[in-house]
Amino acid sequence: SSAVLQGEAPLGATLAGSACAGYERDFGPEQARRAGNADFGAVLRWRPFEGTEIVPFWSQVAGGQHALVPLVYSDGSSRPPLYDVRDLATFEDTSSGWRTATFGLVGHQRFGAGWRLDVGLFRVTDRDRTSDVDEYLWLARDATTPPAPDSVYHVLDALPQLTSASTSGELRLVRQFGAGVHQHKLDLSVRGRSSERAFGGDTVYDLGWTTLGGPPATTLYGAYPGLPASVDETRQVDAGAAYEERWAGVGTLGVGILKSRYRRTLVSDGVAAAPTLATPWLASLRFTAQPGRAVTLYGSYLQGLEDSALAPYSATNRGEPPPATRTHQTDLGLRYAPSERLSLVAGAFDIRKVYFNLDTSGLYTALGTVRHRGLETSFAYAEGGLTLLAGGVWLRPHLERTVTEPVPAGTVPIGPVPLTLQINLDYAPPRWRPLAASLGVNRLSARVATLDNQATLPPLTTLNAGLRYETRLHGRPLTVRLDGANLTNAHGLHLSAVGQVVPEFGRRVMLTVTLDR
């Protein structure tokens, strides 16, 4: 259950404000048996002069979970068995908690003929209290070492209080010139970030072999030993320029160049390791072309320097942020829109990046490169109260390894879904008012389940539907929604790139009531 309150009001001739507060209870039953989360936020909008706007903001999120559901990981040697997350045993005393605060300021200033200055400054702090992570490792359907099939190795990870803080900012000067058919824009920017994130310092308690759905372990863990955490320190400064031209009825062309200076240092037991340095030049190119009134061609090429996901709990360096790495993305496509009611988009893409996963020692590190090639398409149609949105992505990943993984591996990584299809219908004809209905179908194709690519998970199809009722209560808009997910109670599994196993959650229903002021 959850509740949200929000409102906004003028605070003067040049000042306006808005605020919100929300509370959620027992969210994420696939994560914990009990949970609570409260969030608050406020925004001010100050326009002291013509062309000037200053927007400070603040938010805070705090909560906790109790009786944590174990995380399940596969070792990639065999296909994981089907199970229901609600059958997994939990410790009543396990818990986790968090507190995140975000505040900052965004400013805009227009001056001269076509000049604009944009400024942003942001600060985010996280404080996670002492927490637990319940884990089932080395899931194997036909394992020989454990005492029975479908066995898992049970460990409990006790984490100390961990904190992180990040300060970032951006300064952008934009010049727009030209008018009518032909317009130009020059964008000069400088941005930077400084972050410190604690990780590690945890203790893993060995609880032995068990089975999925088996009883809780009888051996409980002890007190937190208070081991020192490590710290990841990252500093990055980017400076760049971008230029764009727009021709009405013809197309657009944009080019950009960015110089980045990235420095990352790991500090453990007060001793700093040799820093990781990167100073790349990053280029971008994008265009659109309109050969006809209803047809638009588009394409782009982007180079990036991106952070990757944190090391998973199944890794020996759990929680460690890997260094930022180079990425390359190319896309090309076509949009056909003969009318406002109908549009069709079809495109191809090619994405290349560093591949991170566990090596033979369980260390989460760079193992090679992965290339994702694919096609994507979407279709939209709206008329007479009927709205149809349909889309699909065909993906063909290819992995080139430079470091050996724990078992003989193929060329397709675990995680990506080769074919994803989605269809969403919304029906709200005038004669139905104030009622409306929606329907959604999601389809996942078979996908790789083992590192050697010899086993796959079967296709998975889920059905969602909903009803909504829109009226007015004392002159104020009132909406009541009844939404159902996975109505056919389809059973299936999802696998992440690092082998975490997540079952498709069963049939569920949600009631939402919204009253506007």
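For the structure, see preceding data.
For clarity, every value in this text was computed on a predicted model and none was experimentally measured. Within each chain, residue numbers correspond to sequence positions counted from 1 in written order. Since the coordinates come from a predicted model, pLDDT governs what is reported: local features require at least 70, and pairs of side-chain atoms require 80 or more to be given and counted, while whole-chain, interface and lining totals use all residues. Processing note: side-chain calculations cover all non-hydrogen atoms of the structure and skip hydrogens and water entirely.

Points about the pairing of strand β18 (residues 295-306)
Reasoning step 1: For two strands to pair, DSSP has to find at least two bridges joining them. In this description a helix means any DSSP run of H or I spanning at least four residues, a strand means any run of E spanning at least two, and both kinds are numbered starting from the N terminus. Strand direction decides the pairing type here: strand β17 (residues 281-292) and β18, joined by seven bridges, are antiparallel. Bridged to R286 within β18 is S300.
Reasoning step 2: The antiparallel pairing of β17 with β18 creates a hairpin that spans two residues between the two strands.
Reasoning step 3: Sheet topology note: the β18/strand β19 (residues 325-339) ladder contains 12 bridges and is antiparallel. Bridging from a neighbouring strand, Q303 pairs with H328 of β19.

Side note on the nonpolar core
Reasoning step 1: In this structure, V72, Y83, L88, Y136, L212, L495 and V501 are the most contacted members of the largest nonpolar core, which totals 17 residues.
Reasoning step 2: Definition used in this section: a nonpolar core is a set of buried Ala, Val, Leu, Ile, Met, Phe, Trp, Tyr and Cys residues joined via side-chain atoms within 4.5 Å. Between buried and exposed lies partly exposed: a residue is buried under 20% and exposed over 50% of the maximum accessible area for its type, with that area taken using a 1.4 Å probe on protein chains only. Listed in part, the six residues of the second largest apolar core include A311, A315, F356 and Y364.

Section: the layout of surface pockets
Reasoning step 1: Using protein atoms alone on a 1 Å grid, points that fit a 1.4 Å probe yet trap it form a cavity, whereas open point sets bounded by protein on both sides within 12 Å along at least five of seven lines form a pocket; residues with an atom within 4 Å of a point count as lining. Grid points are joined across faces, edges and corners, and a volume is the space filled by probe spheres set on the points. Of the volumes computed, that of the largest pocket is approximately 1200 Å³.
Reasoning step 2: Together, 36 residues line the largest pocket, and S2, A3, V4, M510 and T512 are the ones closest to its centre.
Reasoning step 3: Elements supplying a minimum of two residues to the lining of the largest pocket: β1 (2-10), β2 (15-25), β3 (32-46), β28 (476-485) and β31 (508-515).
Reasoning step 4: Each residue gets one label: Ala, Val, Leu, Ile, Met, Phe, Trp, Tyr, Cys and Pro are nonpolar, Asp, Glu, Lys and Arg are charged, and the others, such as Gly, are polar. Residue composition of the lining of the largest pocket, grouped by class: 16 nonpolar, 10 polar and 10 charged.

Some words on the pattern of salt bridges
Reasoning step 1: By convention in these notes, a salt bridge is any Lys or Arg side-chain nitrogen within 4 Å of a carboxyl oxygen on Asp or Glu. Counted by the stated rule, this structure contains 23 salt bridges.
Reasoning step 2: In this structure, D118 engages R116 in a salt bridge whose closest nitrogen and oxygen atoms are separated by 2.9 Å.
Reasoning step 3: The structure contains a network of salt bridges with shared partners spanning D350, R352, R371 and R373.

Digging into the environment of A366
Reasoning step 1: Within the fold, A366 resides in strand β21 (residues 364-383).
Reasoning step 2: Ignoring sequence-local partners within four residues, the contact set of A366 consists of V354, Y355, F356 and V403. Pairs of residues are marked as contacts when any of their non-hydrogen atoms sit within 4.5 Å.

Describing the pairing of β28
Reasoning step 1: Bridge count between strand β27 (residues 460-473) and β28: nine bridges; the pairing is antiparallel. When the bridges of β28 are listed, R468 appears paired with R481.
Reasoning step 2: The loop that links β27 with its antiparallel partner β28 comprises two residues; one of these, H474, has a positive phi angle of about 55°.
Reasoning step 3: Direction of pairing for β28 relative to β31: antiparallel, over a ladder of eight bridges. What sits directly across from D483, in β31, is M510.

Details of the packing of aromatic side chains
Reasoning step 1: Under the pairing criterion, centres of Phe, Tyr and Trp rings, with the six-membered ring standing for Trp, must be within 6.5 Å; the plane angle then separates stacked pairs below 30 degrees from edge-to-face pairs above 60, leaving the rest tilted. Counted by the stated rule, this structure contains five aromatic pairs.
Reasoning step 2: Geometrically, the ring pair formed by F27 and W98 is edge-to-face, given 6.5 Å between the ring centres and 65° between the ring planes. Placement of F27 in the loop between β2 and β3 and of W98 in strand β6 (residues 95-111) is noted, with a sequence separation of 71 residues between them.
Reasoning step 3: The class of W98 is partly exposed, set by a relative accessible area of 22%.
Reasoning step 4: With a centroid separation of 5.0 Å and 80° between ring planes, the pair formed by Y153 and W209 is classed as edge-to-face. Of the two residues, Y153 sits in strand β9 (residues 151-159) while W209 sits in strand β12 (residues 203-211), which places them 56 residues apart along the sequence.
Reasoning step 5: On the basis of relative accessible area, Y153 is assigned to the buried category, the value being 16%.
Reasoning step 6: We classify W209 as partly exposed; its relative accessible area is 31%.

Quick notes on a nonpolar patch on the surface
Reasoning step 1: On the surface, L253, V255, L285, F287, L297, L332, L334, Y336, L344 and F379 cluster together into a nonpolar patch covering about 790 Å² of accessible area.
Reasoning step 2: Only β14 (251-268), β17 and β19 provide two or more residues apiece to the nonpolar patch.
Reasoning step 3: No other element matches β19, which puts three residues into the nonpolar patch.
Reasoning step 4: Along the chain, Y336 turns up in strand β19. Exposure above 30% relative accessible area and the absence of a salt bridge qualify a residue for a patch, where like charges join within 9 Å and nonpolar side chains (Val, Leu, Ile, Met, Phe, Trp, Tyr) within 5 Å. The Shrake-Rupley method, run with a 1.4 Å probe sphere, supplies the accessible areas, and residue values consider only the shown protein chains as cover.

Details of empty space enclosed by the protein
Reasoning step 1: In the structure shown here, the tally under the stated rule is one cavity of 30 Å³ or more.
Reasoning step 2: Of the voids in this model, the largest cavity is the one considered here, and its volume is about 90 Å³.
Reasoning step 3: Forming the walls of the largest cavity are 13 residues, and the residues nearest its centre are Y83, D84, H491, P503 and E504.
Reasoning step 4: Grouping the amino acids of the lining of the largest cavity by side-chain chemistry returns six nonpolar, four polar and three charged.

A look at unusual backbone geometry
A negative phi angle is the norm for most residues apart from glycine, just as the trans form is the norm for most peptide bonds.
Reasoning step 1: At the junction of R433 and P434, the peptide bond is cis and its omega measures out at 10° in the coordinates.
Reasoning step 2: Examined against the element boundaries, P434 turns out to sit in the loop between β23 (419-427) and β24 (435-444).
Reasoning step 3: Backbone geometry at A67 places phi at a positive 55°, although glycine is not the residue there.
Reasoning step 4: Structurally, A67 can be placed in strand β4 (residues 52-68).
Reasoning step 5: Residue A67 is classed as buried on the basis of its relative accessible area of 0%.
Reasoning step 6: You will see that N489, though not glycine, has its phi angle at about 55°, which is positive.
Reasoning step 7: Along the chain, the position of N489 falls in the loop between β28 and β29 (493-495).

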